[in-house]
Amino acid sequence: MAWRGTPCANWCHWGDDRCTRSDCFGCGRCVELAAIKQAKALIPALPQRASVAADHPALVYSGYYHKYVTDDHATFHREWSTWVSKFDTFGLAARENPGVALRFVTNAQRATAALEYTNMCETACPGRPRCEYRFICHCECAVRTFVDGILVHDFESENRAQWDKGDVTVEVLPFAPSPAPERVVEVVLPWCASITFRGIELHSEASAPAPRVCADTPPPRRVYAAIGDSITHGWCGNVTYPTELARWNGWEPRNLGIQGLALMGARYGREMGSAILKSGADFATVMIGINDCGKTDPSMFRLGLAGLIDTVRAAKPELPLAIITPTYGNGCNMRHLRDATVDEVEPRLATDRHLVLIKGQALLAAAFLLREPAGNPHPSIAGSNELAANLNAELGFGRLGFDVLGCAGGVFSLRLKGLTASGEFAVFGGPATERDGGERMGSAIKGEALKALGGRCKQRSLMLTPQRQQLGRADDRGGAKVEAAAAGACDASAFQVVDLSTCVTSRVGSAKVVDATAFTLAPLL
């Protein structure tokens, strides 16, 4: 972990009580804690207290696969199959519940949540008990809190490098002067920790109205189920892509991804299809394959995929389902598994109008993968953000829209929408496939492409290999018409749009993909 301030002697940041030691003076974590303590000292006395039990009807839980609630605790797990729960590694992972959320509305000036970590969680140690990728792969241990939809940073919690097994109290609603307005609080569980809710405590000044939780009926949301392996589970980012997609689009996430999961034949596929059905999903995505590479014969992988799709279709013929080809493998060539995915899914598209195929390799540029060990298929923290943003666009839910008005003489005629009003944009062109006929690859914005943008948006990636770039400016309504040079013949070229004010990117368009929602899930919802 990287800390502000001087390095910590004797691992001071692994235990906050160690900040009293003389050799921890100046440790970045200890400096932060001192500042937090000073800020909290300015909060007036809050003698009014109200305890809210875990089963209070005003506490709304969402995003879970299985839920067990009593008056003193709420627990969750994702054991959607007996073979998931019988393996130690799967069983531990199935008790981590990324995206599960607790929501409540209160007039309190401040609120805390009582949590129990049922296993120790270290930010530098995912994959307990073996700690794969120690100090390489980030492990999200702290809950995230949103107040009225805005992420509230709790540095005291977020910067803890180790969460011991046992009880802990965290602030979930920062202090507000009296009279405090009713505020909507949402506490979201991390992907890398197993946590039980023990209840909420409300705090207010003596002169303030009595603190209470208020009746709340959140609007119904579509349920989005995502099944996959460690990449879907959350390795190695701060937030999982299912959680981000759900938050951006107003869905309820059901993350069924579990580290180590593989599609090893028809039986496993049927189990995964059943999990999607049991989750209550309104629609689902499937992204799997990194653990099959080099282990599962492509023919068996294809049988597994067929079993998954057929199981879903037997019960819900019109459930929107997106199959994403594998991204990267553990140092092995994923081409055979990608081809097996395409061979199974593409023939179905003609008769199954609720099935979508997305090419996964372009969603993650190699520069956004972890660099150690060699061939690591997991995204970095920045890579997790890119995966979510790119997948959101390819599913048809991105903000930037386009229409291909035509393509002739190696020039695309495009109508763009959703851009920043009067802001600059760029259109990048590249090949629709790689030279060997394989899937299009993603790439970091660098070199000539970055130079053309004047250094802007270097934190983003493209879902193609750029060979052409063209700048333009939107009108005062965020629209534009542009003639953009293709990277060769029209039917062999692709393009992508970048809003240079926000660095938001579009999905990839081509002579076949003629608008931002063609062949995506968006029109099916």
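Since the structure is predicted, the reported quantities are computational estimates derived from the model, not experimental observations.

Enquirer: Please clarify how the overall build of the protein should be interpreted in this entry.
Expert: A tally of regular secondary structure across the protein gives eleven helices and 28 strands. Relative to its length of 525 residues, the protein is compact, with a C-alpha radius of gyration of 24 Å against a globular reference of 24 Å. Projected onto the principal axes, the alpha-carbon positions of the protein cover approximately 75 × 55 × 50 Å. Once local pairs closer than 6 in sequence are excluded, the contacts in the protein between residues at least 24 apart make up 74%. Carbon together with sulfur atoms contributes 52% to the accessible area of the protein, which is approximately 21800 Å² in total. Positive and negative charge centroids in the protein, built from 55 and 55 side chains respectively, lie 2 Å apart.

Enquirer: I'm lost on the sheet that holds strand E17 (residues 283-287) in this one. Help?
Expert: The five strands lie next to each other as E16-E15-E17-E18-E19, forming an open sheet whose pairing is parallel. Each edge of the open sheet carries a strand with a single partner, namely strand E16 (252-255) and strand E19 (355-358). On average, adjacent strands in this sheet sit at an angle of 20° to one another, irrespective of strand direction. Bridge count between E17 and strand E18 (residues 321-324): four bridges; the pairing is parallel.

Enquirer: Looking at this model, I keep getting lost on the pattern of salt bridges. Mind explaining?
Expert: Once their charged atoms are close, side chains differing in charge can pair, the charge on each being opposite to the other. For the structure shown, the criterion picks out 19 salt bridges. Of the charged contacts, one joins Arg212 and Glu182 as a salt bridge, the two residues approaching to 3.7 Å between their closest N and O atoms. Placement of the pair is Arg212 in the loop between strand E13 (195-204) and strand E14 (213-214) and Glu182 in the loop between strand E11 (166-173) and strand E12 (183-188), with a sequence separation of 30 residues. The class of Arg212 is partly exposed, set by a relative accessible area of 43%. Measuring nitrogen to oxygen at the nearest pair gives 2.9 Å for the salt bridge that ties Glu424 to Arg456. Taken together, the residues span a long stretch of sequence, with Glu424 in strand E22 (residues 424-431) and Arg456 in the loop between helix H11 (447-452) and strand E24 (461-462) at a distance of 32 residues.

Enquirer: Would you mind going over the state of the cysteines with me for this structure?
Expert: Think of a disulfide as a covalent bridge from one cysteine sulfur atom to another cysteine sulfur atom. Tallying each qualifying case throughout the model produces five disulfides. Each sulfur of the disulfide joining Cys121 and Cys141 lies 2.1 Å from the other. Residues Cys121 and Cys141 are joined by a disulfide whose S-S torsion is about -80°; by sign, that bridge is left-handed. Of the two residues, Cys121 sits in strand E7 (residues 121-122) while Cys141 sits in the loop between E7 and strand E8 (144-147), which places them 20 residues apart along the sequence. Neither Cys121 nor Cys141 differs from the other in exposure class; each is buried. With its sulfur 1.7 Å from that of its partner, Cys139 forms a disulfide with Cys192. Every disulfide takes its handedness from the sign of the S-S torsion; for Cys139 and Cys192 that torsion is -100°, giving left-handed. On the criterion of sequence distance, the pair formed by Cys139 in the loop between E7 and E8 and Cys192 in the loop between E12 and E13 is long-range, its members being 53 residues apart. You'll find Cys139 and Cys192 in the same group, each marked buried.

Enquirer: What's the story with the pairing of E18 in this structure? I'm lost.
Expert: Residues Leu321 and Ile323 line one face of E18 and the alternating positions Ala322 and Ile324 line the opposite face, and both faces are buried. One crossover worth recording links E17 to the parallel E18 by way of helix H8 (residues 298-315), and it is right-handed. Across four bridges, E18 lies against E19 in parallel orientation. Its bridge partner being in E19, Ile324 is matched across the sheet by Ile358.

Enquirer: What exactly am I supposed to notice about the nonpolar core here?
Expert: Burial of nonpolar side chains together is a common tendency in soluble globular proteins. Counting residues in each nonpolar core, the largest one holds 43 residues, and the members touching the most others are Tyr241, Met287, Ile358, Leu363, Leu391, Leu395 and Phe428. When residues of this core are traced back to their parent elements, those giving at least two are strand E15 (223-228), helix H6 (241-249), E17, E18, E19, helix H10 (381-394), E22 and strand E27 (493-499). The residues contacting Leu395, other than those within four sequence positions of it, are Leu245, Thr285, Ala322, Ile358, Thr520, Leu521 and Ala522. Ranked by size, the runner-up nonpolar core spans 42 residues in total, among them Ala74, Phe104, Ala113 and Leu115.

Criteria and cut-off values
Residues numbered from 1 in each chain as written. Predicted model: local features only at pLDDT ≥ 70, side-chain atom pairs only at ≥ 80, totals over all residues. Heavy atoms only, no water. Helix = DSSP H or I, 4+ residues; strand = E, 2+ residues; numbered from the N terminus. Rg over C-alpha atoms; globule rule 2.2 N^0.38 Å. Contact = heavy atoms within 4.5 Å. Areas by Shrake-Rupley, 256 points an atom, 1.4 Å probe, with all protein chains shown as cover. Lys, Arg positive; Asp, Glu negative; His and termini not counted. Charge placed at Lys NZ, Arg CZ, Asp CG, Glu CD. Pairing = 2+ DSSP bridges. Axes fitted to C-alpha atoms, helices over the stretch in contact; angles between N-to-C directions. Salt bridge = Lys/Arg side-chain N within 4 Å of Asp/Glu carboxyl O. Buried < 20%, exposed > 50% of the residue type's maximum accessible area, 1.4 Å probe, protein only. Disulfide = S-S within 2.5 Å. Right-handed = clockwise from strand over helix to strand, strands pointing away. Core = buried A, V, L, I, M, F, W, Y, C linked by side-chain atoms within 4.5 Å.

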